[in-house]
Amino acid sequence: MLIPFWRSSLLSLALLILFLGAWELALRSSAATGGSVVDAEYAALVGAAAAQGGQTPMPMPSEIAARLWQLLRDPFYVRGTNDQGIGVQIAYSLARVGIGFGLAALVAIPLGFAIGMSPLLGAVLNPFIQVLRPVSPLAWMPLALYTIKDSSISSVFVIFICSIWPMLLNTAFGVGSVRREWLNVARTLEAGSLKTAWRVILPAAAPTILTGMRISIGIAWLVIVAAEMLVGGTGIGYWVWNQWNNLSLADIVIAILMIGLVGLLLDRLLGWVAGAVAWQE
Amino acid sequence: MNHAYVSVEGIARRYPGATIFEDLWFGVNRGEFVCLVGHSGCGKTTVLNILAGLEKPSDGEVIVDGQAIEGPSLDRAVIFQGHALMPWMTAEQNVAFALSCRHKDMPRAQLRDAAREALERVGLTAAADKKPSQLSGGMKQRVGIARAFAIAPKMLLMDEPFSALDALTRGALQDEVARLVSEADQTAFMITHDVDEAILLADRILLMTNGPDARLAEVVVNTLPRPRMRATLHKLPGYHALREHILDFLITRSRLMAQGLPADWNPRHAPEVRPGA
């Protein structure tokens, strides 16, 4: 049974409203009953927000919405190194992911091609790939910081390392499983190896390669937040950590929402490319 | 056999512990249509792949135009059993791809025109911009045929090209291939297990014994007059004798001869018979 899109969207919206309403109501009622009174000395220490006795630090959806509006009205301002708009932070993260992911694609796709074409090379490299692939990309961070000596480039390197594996393995698999009969067609036509690679193997393996790229960009977007929390400076990950230090939970909820939306967009973008290179028997 | 265009000289295919076929000798003359008939497992497809240069024989060699085969060549086009079209290319692009391999410097527009022309010859003008997934089985195989003829090969190799099609489509395509081959005076070698297909198309029919250890049992000369049409084939004089002879071979003698060949059988000159004459 095909469910009409409007009906499922309506239900999704209803679920969202229900969830936000429950959230809002729960916090309002706990605020009304009056929370614990904060110790005066502690209040002086942590600042005005926590000092307002009964107010819980957990923000209500209405407060988050107001803050979101405030952030989105001017997302690209730069007022010194520690005060930049959320758009600027996301742009930094996207740039790092773009560069790291792009470099990884430049290495992984040709190398995967070679592995897929040569079972010997695949067997030789396999132990290295199998050992390095399960390593958390953040484990590379100290080595990167020590050798590169630049925190921003180090996080690009971490993105590079984490995006390389799915692309490498998928390309190798896609190239290695190109139909024998298509290769035979190319051989009987005396198509050179470059022409065979470009016109036969690459389009045949493209859907598999794109699946690898899609997995990679997803992982890269997951890892960039953690990497930026670690190295600091700029980026949405750093911004999240900064707002945690400010105990500004509304900003963190907004960051989660933004990270999710950008991740969705990245996936859709590659999904669209995958659709363009897909073929059907 | 020295003047034959293709001369197959004692080829064999062996795997450790098993011989599929061996000591195979035959020739294909210029402009001749030769069919190879035999049961599954006698290595027919391997023979064709060796002629195409896609596989190497375990023993013996194949001489084409005075030269031993080193590998695949544009001079020997293959029509594959499955259509073997690239699913990401349209019908026209599939043919143009083959053409671009033959004519390395041909500009794109010219390739497209030539591809359209090749498709027109098999009646597929309307389907030129369709992907293989949008075409019926018969149409796909037509594109495969157009692709093979487009590069004007010296020889056409066909590996049961119609076996995956329904009877009606198969008949139409057989007539089509018969027409194209006679128009181009095309040298052709075809593998089939359809007796009527062999009688319709071939000048000579090679019969192989059952595998393993398959041999070339005999060569049947098809004396039925040309042009032959599928619809009137069975009315030609000698048709029934020819058909009966081949069927008899496939049903009983292919098995008996696999157990023991006649004493006077010579692998280099398999006996030639003319049951239709």
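Because the structure is predicted, anything quoted here is derived from the model rather than measured. (Residues numbered from 1 in each chain as written. Chains lettered and ligands numbered in written order. Predicted model: local features only at pLDDT ≥ 70, side-chain atom pairs only at ≥ 80, totals over all residues. Heavy atoms only, no water.)

> So what's going on with the overall build of chain A? Which residues, and what values?
Along the backbone of chain A there are 12 helices and zero strands. Secondary structure elements of chain A, listed N to C terminal, follow the sequence α-α-α-α-α-α-α-α-α-α-α-α. In terms of overall size, chain A is more extended than a compact globule, its C-alpha atoms giving a radius of gyration of 25 Å where 281 residues would be expected to give roughly 19 Å. Along the first, second and third principal axes, the C-alpha atoms of chain A reach 85 × 55 × 35 Å. (Helix = DSSP H or I, 4+ residues; strand = E, 2+ residues; numbered from the N terminus. Rg over C-alpha atoms; globule rule 2.2 N^0.38 Å.)

> Describe in detail the overall build of chain B, supporting the description with residues and values.
Regarding its fold elements, chain B presents seven helices and 11 strands. Taken against the 2.2 N^0.38 rule, which gives 19 Å for 277 residues, the C-alpha radius of gyration of chain B at 19 Å falls within 12% of a compact globule. In terms of its C-alpha atoms, chain B occupies a principal-axis envelope of roughly 60 × 45 × 35 Å. The buried share of chain B, reckoned over its 277 residues, is 56%. Pairs at least 24 apart in sequence give 71% of the contacts found in chain B among residues at least 6 apart. Accessible area for chain B stands at about 11,900 Å²; split by element, carbon and sulfur atoms hold 50% of it. One way to put it: in chain B the 31 positive side-chain charges average out to a point 4 Å from where the 33 negative ones average out. (Buried < 20%, exposed > 50% of the residue type's maximum accessible area, 1.4 Å probe, protein only. Contact = heavy atoms within 4.5 Å. Areas by Shrake-Rupley, 256 points an atom, 1.4 Å probe, with all protein chains shown as cover. Lys, Arg positive; Asp, Glu negative; His and termini not counted. Charge placed at Lys NZ, Arg CZ, Asp CG, Glu CD.)

> Which residues make up the sheet that holds strand S6 (residues 76-79) of chain B, and what values do they have?
All names here are of chain B. Here seven strands make up an open sheet; going across it, the order is S6-S7-S8-S3-S9-S10-S11 and the pairing mixed. The open sheet is flanked by S6 and strand S11 (272-273), the only strands paired with a single partner. The sheet strands contacting helix H1 (residues 44-52) are strand S3 (33-37), S6, strand S7 (155-159) and strand S8 (187-192), and the helix crosses S8 at an angle near 155°. Where helix H7 (residues 239-259) meets the sheet, it contacts S3, strand S9 (204-208), strand S10 (216-221) and S11, and its direction lies at approximately 175° from that of S10. (Pairing = 2+ DSSP bridges. Axes fitted to C-alpha atoms, helices over the stretch in contact; angles between N-to-C directions.)

> I'd like to hear about the pattern of salt bridges, residue by residue, with values.
Once their charged atoms are close, side chains differing in charge can pair, the charge on each being opposite to the other. In the structure shown here, the tally under the stated rule is 28 salt bridges over all chains. Among the salt bridges present, the one from Arg96(A) reaches Glu228(A), with a minimum N-O distance of 2.6 Å. With Arg96(A) in helix H5 (residues 86-117) and Glu228(A) in helix H10 (residues 193-231), the pair connects residues that are 132 residues apart, well separated along the chain. With relative accessibility at 0%, the residue Glu228(A) sits in the buried group. Ionic pairing is found between Arg14(B) and Asp59(B), a salt bridge with its closest N-O pair at 3.4 Å. (Salt bridge = Lys/Arg side-chain N within 4 Å of Asp/Glu carboxyl O.)

> For the UniProt feature "domain: ABC transmembrane type-1" (unreviewed entry) in chain A, give the residues involved together with the corresponding values.
As recorded in UniProt, the sites labelled "domain: ABC transmembrane type-1" (unreviewed entry) are residues 90-270 of chain A. Secondary structure content for residues 90-270 of chain A is 86% helix and 0% strand, while the C-alpha to C-alpha distance between its ends is 19 Å. (UniProt positions renumbered as here; feature names shortened; annotations may be inferred.)

> Outline a nonpolar patch on the surface, listing residues and values.
Side chains of Leu13(A), Leu16(A), Ile17(A), Phe19(A) and Leu20(A) sit close together on the surface and give an oily, nonpolar patch of about 480 Å² of accessible area. Relative to the helices and strands, Ile17(A) is located in helix H1 (residues 5-33). (Patch = residues over 30% accessible without salt bridge, like charges linked within 9 Å, V, L, I, M, F, W, Y side chains within 5 Å.)

> A description of the interface of chain A and chain B should follow, citing residues and the corresponding values.
Across the boundary between the two partners, chain A contributes 17 residues, which contact 22 residues of chain B. Carbon and sulfur atoms supply 68% of the area buried between chain A and chain B, which totals about 1,900 Å² over both sides. For the interface between chain A and chain B, the tally reads zero salt bridges. Along the contact surface separating chain A from chain B lie five residue pairs in polar contact (both at pLDDT 80 or more). Contributing elements (two or more residues each) for the side of chain A that touches chain B: helix H9 (180-188) and H10 of chain A. Of the residues forming the side of chain A that touches chain B, the biggest block, six residues, is contributed by H9(A). (Buried area = accessible area lost by both parts, 1.4 Å probe. Polar contact = N/O pair within 3.5 Å; in protein donor to acceptor, adjacent residues only side chain to side chain.)

> Describe unusual backbone geometry, with residues and values.
The bulk of non-glycine residues show a negative phi, and the bulk of peptide bonds are trans. Between Arg226(B) and the following residue, Pro227(B), the backbone shows a cis peptide bond with an omega angle of -5°. On the secondary structure map, Pro227(B) appears in the loop between S10 and H7. Positive phi, normally seen in glycine, also occurs at Lys149(A), with a value near 60°. As for its position among the elements, Lys149(A) is in the loop between helix H7 (141-148) and helix H8 (151-176). On the basis of relative accessible area, Lys149(A) is assigned to the exposed category, the value being 68%. The backbone of Asp213(B) sits at a positive phi, close to 65°, despite the residue not being glycine. One can find Asp213(B) in the loop between S9 and S10.

> Any details on the packing of helix H2 (residues 91-102) of chain B against helix H3 (residues 108-121) of chain B? Residues and values, ideally.
Each pair of packed helices can be described by the angle between their axes along with the distance between the axes. All names here are of chain B. Relative to each other, H2 and H3 sit at 115°, their axes nearing to 8 Å. When the axes of H2 and H3 are compared, the crossing they make is right-handed. On the side of H2, the interface is formed by Ala91, Glu92, Val95, Ala96, Leu99 and Ser100, while H3 contributes Leu111, Arg112, Ala114, Ala115, Arg116, Ala118 and Leu119. Here the contact of H2 with H3 is built from residues that sort into nine nonpolar, one polar and three charged. (Left-handed = near helix turned anticlockwise from the far one by under 90°. Nonpolar A, V, L, I, M, F, W, Y, C, P; charged D, E, K, R; others polar.)

> How would you explain the UniProt feature "transmembrane region" (unreviewed entry) in chain A if you had to name every residue and give the values?
Sequence positions flagged by UniProt for "transmembrane region" (unreviewed entry) are, in local numbering, residues 99-124, 154-173, 219-241 and 247-266 of chain A. Taken end to end, residues 154-173 of chain A is 100% helix and 0% strand, and its first and last C-alpha atoms sit 30 Å apart.

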